Amino acid sequence: MIRIYSQSEQGIFRTVGLDEQENRSGDIFWIDLLTPTASELSYAETLCAIEMPTKDEMREIEATSRLYCEDGGRFMTTTVLSRVETDEPMIAEITFILKGR
């Protein structure tokens, strides 16, 4: 799923999915990807002019290499614990990318 946050003179808008995004304009300042489809991932990579790390790449990054710069972007990958109040807690990797303004 892709969520895109943009700002225009009317305020801040959130769109969910690529179909809805086509009807919006304004400056995009945040893209949230949660298990994105191939087309959503491709759209985000094209929009940001950057290659996003895969889940396997995020998982394999050593702790000492989780902060790095590449292709004009600043990457930070961290491991988080979720579902702690269930019988099956899980660990997942999250990558934050800052590029441009």
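Higher on the page you've got the structure.
Per chain, the residues get numbers from 1 upward, laid out in the order the sequence is written. Under the rules for a predicted model, residues below a pLDDT of 70 receive no local features and side-chain atom pairs below 80 are neither given nor counted, while totals for whole chains, interfaces and linings still include all residues. As a convention, hydrogens and water are excluded, and side-chain values are obtained from all of the structure's heavy atoms.

As for a negative patch on the surface
Taken together, Glu51, Glu57, Glu60, Glu70 and Asp71 make up a surface patch of like negative charges. For Glu60, the position within the fold is in helix α3 (residues 55-60). With relative accessibility at 63%, the residue Glu60 sits in the exposed group. Patch membership requires more than 30% relative accessible area and the absence of a salt bridge. Residues of like charge join within 9 Å; the nonpolar side chains Val, Leu, Ile, Met, Phe, Trp and Tyr join within 5 Å. The accessible surface values rely on the Shrake-Rupley method and a 1.4 Å probe; as for residues, cover is taken only from the protein chains in view. Salt bridges are counted wherever a side-chain nitrogen of Lys or Arg sits within 4 Å of a carboxyl oxygen of Asp or Glu. The positive count covers Lys and Arg only, the negative count covers Asp and Glu only, and His and the chain ends enter neither. Think of each charge as sitting on NZ of Lys, CZ of Arg, CG of Asp or CD of Glu. Here a strand is any run of E in DSSP of at least two residues, a helix any run of H or I of at least four, and the numbering for each starts at the N terminus. Burial status follows relative accessibility: with a 1.4 Å probe on protein chains alone, a residue under 20% of its type maximum counts as buried, one over 50% as exposed, and anything between as partly exposed.

Comments concerning the sheet that holds strand β2 (residues 11-16)
Across the sheet, 3 strands lie side by side as β2-β1-β3; this open sheet has antiparallel pairing. Bordering the open sheet on either side are β2 and β3 (27-33), each of which pairs with just one other strand. Here the strands of the sheet are splayed against their neighbours by 20° on average, with no regard to which way each runs. The pairing of strand β1 (residues 2-8) with β3 spans 6 bridges and is classified as antiparallel. Across the sheet, Ile4 pairs through a bridge with Ile31, a residue of β3. Strands β1 and β3 of the sheet are contacted by helix α2 (residues 38-48), whose axis makes an angle of about 145° with β3. Paired strands, as defined in this entry, are two strands with at least two bridges between them according to DSSP. To define axes, lines are fitted to C-alpha atoms, for helices over the stretch in contact only, and angles between the resulting N-to-C directions are given on a 0 to 180 degree scale. Two residues qualify as a contact provided that any one of their heavy atoms is within 4.5 Å of a heavy atom in the partner residue.

Let's talk about the packing of aromatic side chains
Two aromatic rings from Phe, Tyr or Trp, using only the six-membered ring of Trp, form a pair when their centres are within 6.5 Å; if the ring planes differ by under 30 degrees the pair is stacked, by over 60 it is edge-to-face, and anything between is tilted. All told, the structure shown has 1 aromatic pair when counted by the stated rule. For the ring pair Tyr68 and Phe75, a centre distance of 4.8 Å and an interplane angle of 5° mean the geometry is stacked.

With respect to the state of the cysteines
The definition used for a disulfide is geometric: two cysteine sulfur atoms within 2.5 Å. Overall, the coordinates contain 0 disulfides when judged by the stated rule. Looking at Cys48, it has no disulfide partner, and the nearest cysteine sulfur is the one in Cys69, 15 Å off. Residue Cys48 is classed as partly exposed on the basis of its relative accessible area of 25%. A relative accessible area of 63% places Cys69 in the exposed class.

Notes on the sheet that holds strand β6 (residues 90-99)
Strand order in this open sheet of 3 strands is β4-β5-β6, and the pairing throughout is antiparallel. Each edge of the sheet is formed by a strand with only one pairing partner; in this case those strands are β4 (67-70) and β6. Averaged over all adjacent pairs, the angle separating strand axes in this sheet is 30°, with direction ignored. Sheet topology note: the strand β5 (residues 73-82)/β6 ladder contains 10 bridges and is antiparallel. From the neighbouring strand, Ser82 faces β6, where its bridge partner is Met90.

Thoughts on the pattern of salt bridges
Per the stated rule, a full pass over the model turns up 2 salt bridges. A salt bridge links Arg59 to Asp56; the nearest nitrogen and oxygen atoms lie 2.9 Å apart. You can see Arg59 and its partner Asp56 sitting in helix α3, 3 residues apart, about one turn around the helix. Using a relative accessible area of 48% as the deciding quantity, one classes Arg59 as partly exposed. Since its relative accessible area comes to 47%, Asp56 is described here as partly exposed. In this structure, Arg59 engages Glu93 in a salt bridge whose closest nitrogen and oxygen atoms are separated by 3.8 Å. Of the two residues, Arg59 is situated in helix α3 and Glu93 in strand β6; the sequence distance between them amounts to 34 residues.

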